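Structural description and commentary
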Amino acid sequence: MAKIPTPHIDAKMGDIAQTVLMPGDPLRAKVVADTFLTNVVKYNNTRGMLGFTGEYNGKRISVQGSGMGMPSIGIYSYELYNFYGVENIIRIGSAGAINDDLNIGDLAIGMGACTNSNFAAQYQLPGTFAPIASYELLKKAIENAEKYGLNYKVGNILSSDTFYDDQEDCLLRWKKMGVLAVEMEAAALYMNAARAGKNALCILTISDCPFKGLATTAEERQNSFTNMMKVALDLA
């Protein structure tokens, strides 16, 4: 067990709930805390990566920014799972649509996470690991999306190490394999959860459609996308 607080999270044991919502943007974490939680306490501001604990419908829940990319969410989710006793992490993020039927504001729920990352090399496995979501969280998220009447798709997403890519047809290749959307974090989260024996799920809101030339603004990505937040909060 590492020392508490860790190098990246300035919280004491017990400050963080067993279920954590994890947006990439720390300001989105603040939006979730301000909009949905009561009795909120800020437990982290180290490196500006905001973390809050509060209550939602009588249940204790935390929300913590992860930063961008698999190395960043890899650090934060590892520390939450292994040092703070967190059991469930639900990533709530934005994504670019690959599937033609997904439009701005729709949800993509990651049953699995393909990746071009070498994150799994650390495990020295005699093959290729397939990062997948925790079934119970996935099942409940689908039920919640149905309850709210939301447009959503469930399937494989792509966790990419690159936002800008020299391979111009990269997304088309993933599209041929039925991948729904591209983001940058879920595969590392799913692998950390598997290794720790914990639970993880990635729920994404489509923020841009590269094949259609559509995109939201940074402010819209930070302050809206509340449907995704409600689906995730009801998992607590």
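Residues numbered from 1 in each chain as written. Predicted model: local features only at pLDDT ≥ 70, side-chain atom pairs only at ≥ 80, totals over all residues. Heavy atoms only, no water.

**Remarks on unusual backbone geometry**
Note: most peptide bonds trans; most residues except glycine with negative phi. One non-glycine residue, Arg47, lies in positive phi territory at about 60°. Note on placement: Arg47 falls in the loop between strand E2 (38–44) and strand E3 (51–56). (Helix = DSSP H or I, 4+ residues; strand = E, 2+ residues; numbered from the N terminus.)

**Topic: the nonpolar core**
The nonpolar side chains of soluble globular proteins are, as a tendency, buried together. Residues Ile16, Leu21, Leu201 and Ile203 are the most contacted members of the largest nonpolar core, which totals 66 residues. Not counting residues within four places of it along the chain, the set of residues in contact with Leu201 comprises Ile89, Ile90, Arg91, Ile109, Gly110, Ala133, Leu137, Leu138, Ala141, Leu189, Tyr190 and Leu235. Membership of the second largest hydrophobic core comes to 5 residues, among which are Cys114, Leu158, Val179 and Val182. (Core = buried A, V, L, I, M, F, W, Y, C linked by side-chain atoms within 4.5 Å. Buried < 20%, exposed > 50% of the residue type's maximum accessible area, 1.4 Å probe, protein only. Contact = heavy atoms within 4.5 Å.)

**Quick notes on the UniProt feature "site: Important for catalytic activity" (unreviewed entry) in the protein**
UniProt feature "site: Important for catalytic activity" (unreviewed entry): in the numbering of this structure it lies at Arg221. Along the polypeptide, Arg221 turns up in helix H6 (residues 218–223). For Arg221, a relative accessible area of 26% translates into the label partly exposed. Excluding residues within four positions of it along the chain, Arg221 makes contact with Arg28, Ser94, Ser207 and Thr216. (UniProt positions renumbered as here; feature names shortened; annotations may be inferred.)

**Describing the pairing of strand E9 (residues 199–209)**
Most of E9 sits out of view: 9 of its 11 residues are buried. Relative to E9, strand E5 (residues 88–97) runs parallel, the two being bridged by 9 bridges. Note on E9: the bridge partner recorded for Asn88 is Asn199. For strand E6 (residues 107–115) and E9, the ladder comprises 3 bridges, and the chain directions are antiparallel. Bridged to Leu107 within E9 is Thr205. For E9 and strand E10 (residues 214–215), the ladder comprises 2 bridges, and the chain directions are antiparallel. Across the sheet, the residue bridging to Asp208 is Ala215, located in E10. Here E9 hands over to E10 after 4 residues, with Gly213 in that stretch at a positive phi of 70°. (Pairing = 2+ DSSP bridges.)

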